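Residue strings, one per chain:
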Number of protein chains: 4
Amino acid sequence: MLVSHGSDAEPLGVGVVGAGYWGPNLVRNLQASFDFNLNWLCDLDEGRAQRVVGRQGRVRTTSRLQDLLDDTLTQAVVVATPAQAHYDVAMAALQAGKHVLVEKPLASAFVQAAQLVSTANDLNRVLMCDHTYCYTPAVTKIRELVRGGVLGDIQFVDSVRINLGLVQRDVDVLWDLAPHDLSILDFVLPDGCRPQAVAAHGADPIGAGHACVAYLTLQLAGGAIAHAHVNWLSPTKVRTMMIGGSKRTLLWDDLNPSQRLSVFDRGVDLSDPNSIGADERREALISYRSGDMVAPALPEREALAGVSAEFAEAIRAGRSPMTDGSAGLRVLDVLEAASRSLEYRGAVVPLRSG
Amino acid sequence: MLVSHGSDAEPLGVGVVGAGYWGPNLVRNLQASFDFNLNWLCDLDEGRAQRVVGRQGRVRTTSRLQDLLDDTLTQAVVVATPAQAHYDVAMAALQAGKHVLVEKPLASAFVQAAQLVSTANDLNRVLMCDHTYCYTPAVTKIRELVRGGVLGDIQFVDSVRINLGLVQRDVDVLWDLAPHDLSILDFVLPDGCRPQAVAAHGADPIGAGHACVAYLTLQLAGGAIAHAHVNWLSPTKVRTMMIGGSKRTLLWDDLNPSQRLSVFDRGVDLSDPNSIGADERREALISYRSGDMVAPALPEREALAGVSAEFAEAIRAGRSPMTDGSAGLRVLDVLEAASRSLEYRGAVVPLRSG
Amino acid sequence: MLVSHGSDAEPLGVGVVGAGYWGPNLVRNLQASFDFNLNWLCDLDEGRAQRVVGRQGRVRTTSRLQDLLDDTLTQAVVVATPAQAHYDVAMAALQAGKHVLVEKPLASAFVQAAQLVSTANDLNRVLMCDHTYCYTPAVTKIRELVRGGVLGDIQFVDSVRINLGLVQRDVDVLWDLAPHDLSILDFVLPDGCRPQAVAAHGADPIGAGHACVAYLTLQLAGGAIAHAHVNWLSPTKVRTMMIGGSKRTLLWDDLNPSQRLSVFDRGVDLSDPNSIGADERREALISYRSGDMVAPALPEREALAGVSAEFAEAIRAGRSPMTDGSAGLRVLDVLEAASRSLEYRGAVVPLRSG
Amino acid sequence: MLVSHGSDAEPLGVGVVGAGYWGPNLVRNLQASFDFNLNWLCDLDEGRAQRVVGRQGRVRTTSRLQDLLDDTLTQAVVVATPAQAHYDVAMAALQAGKHVLVEKPLASAFVQAAQLVSTANDLNRVLMCDHTYCYTPAVTKIRELVRGGVLGDIQFVDSVRINLGLVQRDVDVLWDLAPHDLSILDFVLPDGCRPQAVAAHGADPIGAGHACVAYLTLQLAGGAIAHAHVNWLSPTKVRTMMIGGSKRTLLWDDLNPSQRLSVFDRGVDLSDPNSIGADERREALISYRSGDMVAPALPEREALAGVSAEFAEAIRAGRSPMTDGSAGLRVLDVLEAASRSLEYRGAVVPLRSG
């Protein structure tokens, strides 16, 4: 099933703030959901809001955020404004007692995001981050395989997200593309593998004013390494992530619809690491696995439908959503550290949350 | 043409030192060459040498290096011993007035390699490094395209060399695999793009005693960046190198025999970098090229045949070979700096030759 | 440009008949077009028609075809009913003086289609077949390359259209999938290469009541051969067409967005076919070309926009559209002959239009 | 294990006849085998034979077949002459009481091959066909999967064997390439799926004097269909075979070393074919499976080593080899029928052995 029917539960009243790039997708999705009644679409340019919802519909439009906040029939707010406004809108909504779903990044700075998280905790409201990718069938399956121990201990992660991309005006390639990799990593890796420190290397060979090519290296708790290559200048589009484990290694190729996930029973086994040094013994102790590869079947599902279903369930159950405010906070932590590392020509920067 | 016929030139007398892993390939290749007479195969284990050349042949075998050095009919020596012995054998051969071809790495340390280079210069002998990859049709073509200006100014290089590899006893994955990437980069990039500094990140998640996964970042003169991913733990084998330029971008996929090289007329153009800041103007100045892709036809040629042909031509012409001692020296410079960077958890280490 | 602006020309009044599977796409497309005013959407189930156009719009809905035919502001009719109704609706529209665009197949039988074509000719109306694929950037480019002589003389065509397909109730896999291959062939091949005869082989291994796997072989004028493999039972989806020519060979892989078209300068040349028999001479006369491959850049364009633009231009210019009634007729000719061949276990059946 | 050690069994004396294209591979392979002592290499051009075995070796060379036949230490003969000579040499060897391994095709005509088979039976000698492909790890695994019932009932087979091939002087593309597909089919398909009739379509667009592009359709017992596309004019090389079954479907891509075999748990299920006609019921009865895909690991093994091991074991056990004379006979039956079908423009020709 694509959308939870919320059984006989009353639909939740919801308002969307921001009718720009991503807003219309959220509107369409919430209108299709049985969990929500979309009451409001708010945009500083009310005309744009009207064009999005159409004339006939039962969705009211406004340019004043206060209209949503005052509406007691609206329990939830979705923030799809430009990033700089995320903090103000989300904070106002929380303080008005609303549950809040925020587009990524949670805020434009770590400290602001931290305040949103603590406010949500204090007021006991749901604060969720729209890490859409995490609700795709592929990433959901990856989380299941990794956390279910199918891969064994995580040894390395290598992610590539490159294509001939729109050179952004305000943000470099790290802030444009890496949030996807980082939110996915945060979602699938077990807590024992959290990033501890980050190093970033970048280049701006076209003179765009900030990095157009960047490499991100994360030191993970437990000695594993994660690496991401993000690039606006590649003529070919690549979206792959390899997750190496002590039992199996997983390859995700998001551009190969006929085989998005491949799980390899191949690898190197070292029976007893203590034996290092005694070369003869060690040679004997190294062995190579070369077993079958399995490409698990994936269900068809629209990621956004999963996002709104999770948001609704978290509100109803009064629990924390899978991609909660803290997840968004951890992603910002890495991004800010990465920017500092770029400044200092690749210096390793420890994470606050590390 | 696979092998230069050296026209009516006398074949050069040559001896090979080392009948181990790579030696037999060199023997087979030199026996097929019209440029050389293979006089000697030397190995501490003379029996092994005999098995390699066979009983009937006209190639003499010995366990004493001096036999080669004393033979006035032998003008050239090929060093295929273990790396630790490269320096001693090559130095002795140079001082005996021989021209020398050395397997990679040129020596096990930069300082020793530097002495070989200066000795060769002083004695006016040819010192060549066997960077075999550089003599494959694909890399030869890449050098031609890059140096011929077809790609424009080099903006970035991204190399991936991963597979389920033999975990080496004495060297980490950087010293095992990266010499290929580095010698190829040294070969194809114009002098204006030499590496200035290097940072390396690695991990040893299986407890092998040294890095099994590593990432190498090179800062190139002129602001470009080069990056290499080397990995012994990947279940899939990948051998790709992307070279991004201001005019075109090249993708080399060495495991795709039907399309090893792809040259894309795609990219981002920024008419005037000075205009940064004036966003409106800049937007107008950014444009995206999306032209044809061309996969150039490549000749069939065995790389080793190219190596021996180049060695012979350099000796006859008294010129420096394309992959001379200095090339091997620059590769060692990067490898040693990379090892230091690994030690210091990714610190950026400037190069001696930078 | 995606849609022709028809300069200062008056938009043409148009009505769509059939609000089922494909109708909504046509409605959306015609509403976006500057060439047409969509006046009517007609469906036996008027409620369905209303749901498609929405309540507010200026498009009138009806369940009576006559309403469209009587409307003098409606010069054109688009027929998107089930195939069995194509003939009746299209004939009535033509006789009412309308220009007509019909979904494929033009009619459910050759004879009916032939009557539509002659009626359109007699009444001097435009009769167009919606062979949508022909208006994709890839097929448009293929036609240009083939007809422009870039490939030289056509030697063979091999098409594969297989996937785990919906097993149709009323038609076998040939009538379900082959119309795409046949309409594309009709569109790209020069007139000198028209099909002369057809043989079809099929199997129904699952007991569906008609062929689920089929192979179609076309003998083309000039001695070339065309072949199509259509299959509902393949676990993998393939959409490829190879067109071999005396100068170049083209490969179209519609599922590879990064390289849909590849044009190979490779092939076998036989300088003088007359020399066959004289083996020695022949050997000398056979040569193999192995040149570059070029993947031409393709524009972004929605095929349906091209369909409506061509329909409008044909009406305005009073000319025959690129995929006119005769094209649809030729496709039906092959399909009916193929069905006969299937009946007679693969017997070669000549074409009426051959 | 690459070569069977034949335990403590005496090696079998063997002679090879024919030192041309394939002979040297057989010589190298038999010299490496523990099952055989290679005593003789016979070629009309004895000098060529000498060059193949080298001067020093213990293999005797001759230009007279009789020398082998008279040698009581030689129990087995391998026939690697041109096809026209297969019959004479093999018959002479059998009548001299030798066990015989013949290159494909078993003979140049069905009737001759039939005589070889009956002679071998009468004299109780092993007659084996060198269908090398059948001894590759991939095909061995396919046979295991198909015959083991993993795929369920076989529904269709589709094979593609195309590339820019050497245009042969004496044989068309069917006789050059299809023997591979046919011997593999004969090897992997259960006896209940034997070919009953064949239709072939071809073209000679370059004027080579015989078909350079051909399509072969086989009607299999039980209603399944098999099809092969062989082509000398394709710029790209393809080697794929899909075998569709009621439970699973297998895809073999021999040019994809990292994933040669893929076994898909996907397909169409029709619970009860009798229900055809009752559309409503039927719809209910059609269901689509979309399960995991498994790429089984394959061992490393040289096919020729498997051929000689099987030959030796069959001789020692006095049993029929896996690819015996009858297999070669069935392949010839299809090839001759295909040639007749080509003559008669694609007419369906029943098989003798059908």
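As the structure is a computational prediction, the values presented were derived from the model and not from experiment. (Residues numbered from 1 in each chain as written. Chains lettered and ligands numbered in written order. Predicted model: local features only at pLDDT ≥ 70, side-chain atom pairs only at ≥ 80, totals over all residues. Heavy atoms only, no water.)

1. Section: helix 5 (residues 110-123) of chain C
Residues and elements named next belong to chain C. The end-to-end C-alpha distance of helix 5 is 20 Å, a good match for the 20 Å that 14 residues give at a rise of 1.5 Å each. Elements in contact with the buried residues of helix 5: helix 4 (83-95), strand 6 (127-130) and helix 10 (325-343). Looking one or two places after helix 5, you find Asn-124, whose phi comes out positive at around 60°. (Helix = DSSP H or I, 4+ residues; strand = E, 2+ residues; numbered from the N terminus. Expected span 1.5 Å × (residues − 1). Contact = heavy atoms within 4.5 Å.)

2. Concerning the interface of chain A and chain D
Accessible area lost during the coming together of the parts is what is often quoted as the interface size. Contacts between chain A and chain D engage eleven residues on the former and eleven residues on the latter. Both faces combined, the contact of chain A with chain D buries some 780 Å², and carbon together with sulfur accounts for 44% of it. When the buried surface of chain A facing chain D is broken down by residue, Asp-292, Met-293 and Ala-297 of chain A rank first, second and third, together holding 47% of it. The interface formed by chain A and chain D includes zero salt bridges. Across the contact surface, chain A and chain D share five residue pairs in polar contact (both at pLDDT 80 or more). (Buried area = accessible area lost by both parts, 1.4 Å probe. Salt bridge = Lys/Arg side-chain N within 4 Å of Asp/Glu carboxyl O. Polar contact = N/O pair within 3.5 Å; in protein donor to acceptor, adjacent residues only side chain to side chain.)

3. Considerations on the sheet that holds strand 6 (residues 127-130) of chain D
Residues and elements named next belong to chain D. Strand order in the open sheet made by the six strands is 3-2-1-4-5-6, with parallel pairing throughout. The sheet is open, and its two edges are formed by strand 3 (60-62) and strand 6, each paired on a single side. Neighbour-to-neighbour, the strand axes of the sheet open up by a mean angle of 25°, direction not taken into account. Across the sheet, helix 1 (residues 23-32) lies against strand 1 (12-17), strand 2 (36-42), strand 4 (76-79), strand 5 (99-103) and strand 6, angled at about 155° from strand 2, the strand it touches most. The sheet contacts of helix 2 (residues 46-53) involve strand 2 and strand 3, and relative to strand 3 the element is tilted by about 160°. (Pairing = 2+ DSSP bridges. Axes fitted to C-alpha atoms, helices over the stretch in contact; angles between N-to-C directions.)

4. What to know about the interface of chain D and chain C
Each partner contributes to the interface: chain D provides 56 residues, whereas chain C provides 56 residues. Buried area between chain D and chain C, both sides added, is near 4,400 Å², and the carbon and sulfur share of it is 64%. Applying the counting criterion to the chain D and chain C interface returns zero salt bridges. In terms of residue count, strand 7 (residues 154-164) of chain D provides more of the side of chain D that touches chain C than any other element does, six residues in total. Here the side of chain D that touches chain C is built from residues that sort into 28 nonpolar, 19 polar and nine charged. (Nonpolar A, V, L, I, M, F, W, Y, C, P; charged D, E, K, R; others polar.)

5. Things to note about the relation of the copies chain D and chain C
The two copies are related by a screw motion: chain D maps onto chain C through a turn of 180° and a shift of 0.0 Å along the axis, at an RMSD of 0.1 Å. A rotation of that kind, with that shift, is consistent with a two-fold axis. If distances are taken from each C-alpha of chain D to the rotation axis, the shortest is found for Ala-347 of chain D, at 3.0 Å. Looking at chain D, 100% of its interface residues are interface residues in chain C too, so the copies touch through the same face. (Least-squares fit on C-alpha atoms with pLDDT ≥ 70 in both.)

6. Some thoughts on the environment of Gly-244 of chain A
All names here are of chain A. Looking at where Gly-244 falls in the secondary structure, it is placed in strand 11 (residues 233-245). Sequence separation between Gly-244 and Asp-153 is 91 residues; the distance between their C-alpha atoms is 8.4 Å. The residues touching Gly-244, leaving out its near neighbours within four places in the chain, are Asp-153, Ile-154, Gln-155, Phe-156 and Thr-249.

7. Describing the nonpolar core
Core analysis: the largest hydrophobic core is formed by 115 residues, its most contacted members being Leu-106, Leu-174, Val-198, Leu-216, Ile-243, Leu-250 and Trp-252 of chain A. Counting residues per element, this core draws most heavily on helix 7 (residues 173-188) of chain A, which supplies ten residues. When sequence neighbours within four positions are dropped, the list of residues in contact with Leu-250 of chain A reads Ile-142, Leu-145, Leu-151, Met-241, Met-242, Ile-243, Leu-261, Ser-262 and Val-263 of chain A. By size, the runner-up hydrophobic cluster in this structure holds 96 residues, among which are Val-139, Val-167, Leu-218 and Val-331 of chain D. (Core = buried A, V, L, I, M, F, W, Y, C linked by side-chain atoms within 4.5 Å. Buried < 20%, exposed > 50% of the residue type's maximum accessible area, 1.4 Å probe, protein only.)

8. Remarks on the relation of the copies chain A and chain D
Overlay of chain A on chain D (RMSD 0.0 Å): rotation 180°, translation along the axis 0.0 Å. Of the residues that chain A buries at the interface, 100% are likewise interface residues in chain D, meaning the two copies contact each other through the same surface.

9. Looking at the domain arrangement of chain A
Residue and element names in this part refer to chain A. Along its sequence, chain A is carved into domain 1 (12-131 + 304-322) and domain 2 (137-300 + 333-350). Centre-to-centre separation of domain 1 and domain 2, based on C-alpha positions: 31 Å. Across the contact, six residues belong to domain 1 and eight residues belong to domain 2. When the two sides are added together, the surface that domain 1 and domain 2 hide from each other amounts to roughly 600 Å², 68% of it contributed by carbon and sulfur. Area buried by domain 1 at its contact with domain 2 is led by Lys-104, Phe-110 and Met-322, which between them contribute 71% of it. Here domain 1 and domain 2 share zero salt bridges between them. Our count for the contact surface shared by domain 1 and domain 2 stands at one residue pair in polar contact (both at pLDDT 80 or more). Taken together, the residues of the side of domain 1 that touches domain 2 break down into three nonpolar, two polar and one charged. (Domains from an automatic or database assignment.)

10. Details of the packing of aromatic side chains
Under the defined criterion, the tally for this structure stands at 16 aromatic pairs over all chains. Geometrically, the ring pair formed by Phe-36 of chain A and Phe-311 of chain A is stacked, given 5.8 Å between the ring centres and 20° between the ring planes. Here the residue Phe-36 of chain A occupies a position in strand 2 (residues 36-42), and Phe-311 of chain A occupies one in helix 9 (residues 303-317), the gap between them amounting to 275 residues. The same class applies to Phe-36 of chain A as to Phe-311 of chain A, namely buried. Geometrically, the ring pair formed by Tyr-21 of chain D and Trp-22 of chain D is tilted, given 6.0 Å between the ring centres and 40° between the ring planes. By relative accessible area, Tyr-21 of chain D is classed as exposed at 74%. Judged by its relative accessible area of 22%, Trp-22 of chain D falls in the partly exposed class. (Phe/Tyr/Trp six-rings, centres within 6.5 Å; stacked < 30°, edge-to-face > 60°.)

11. A short note on the pairing of strand 12 (residues 249-253) of chain D
Residues and elements named next belong to chain D. For strand 12, the tally of buried residues reaches four of five residues, placing the bulk of the element in the interior. Bridge count for strand 11 (residues 233-245) against strand 12 is five bridges, and the pairing is antiparallel. Bridged to Met-241 within strand 12 is Trp-252. Here strand 11 folds back onto strand 12 in antiparallel fashion, the turn holding three residues. Pairing of strand 12 with strand 13 (residues 261-270), which is carried by four bridges, proceeds in the antiparallel orientation. Bridge assignment links Thr-249 to a residue of strand 13, and that residue is Phe-264.

12. Observations concerning the sheet that holds strand 4 (residues 76-79) of chain A
Residues and elements named next belong to chain A. An order of 3-2-1-4-5-6 is seen for the six strands of this open sheet, with the pairing classed as parallel. With one partner strand each, in any of the chains shown, strand 3 (60-62) and strand 6 (127-130) form the two edges of the open sheet. If you compare each strand with its neighbour and ignore which way they point, the axes differ by 25° on average. Pairing analysis gives three bridges linking strand 2 to strand 3, with the strands arranged parallel. Paired with Leu-41 across the two strands is Thr-61, which belongs to strand 3. Contacts from helix 2 (residues 46-53) reach strand 2 and strand 3 within the one sheet, and its direction differs from that of strand 3 by about 160°.

13. With respect to the packing of helix 1 (residues 23-32) of chain C against helix 9 (residues 303-317) of chain C
Residue and element names in this part refer to chain C. Viewed as axis vectors pointing N to C, helix 1 and helix 9 meet at an angle of 65°, and their least axial separation amounts to 10 Å. Here helix 1 is positioned roughly perpendicular relative to helix 9, judged by the angle of their axes. Where helix 1 crosses over helix 9, the handedness of that crossing is right-handed. Residues Asn-25, Leu-26, Asn-29 and Leu-30 of helix 1 touch helix 9, and the partners they reach there are Leu-304, Ala-305 and Ser-308. Its residues placed into classes, the contact of helix 1 with helix 9 shows four nonpolar, three polar and no charged. (Parallel < 35°, antiparallel > 145°, perpendicular 65-115°, else oblique. Left-handed = near helix turned anticlockwise from the far one by under 90°.)

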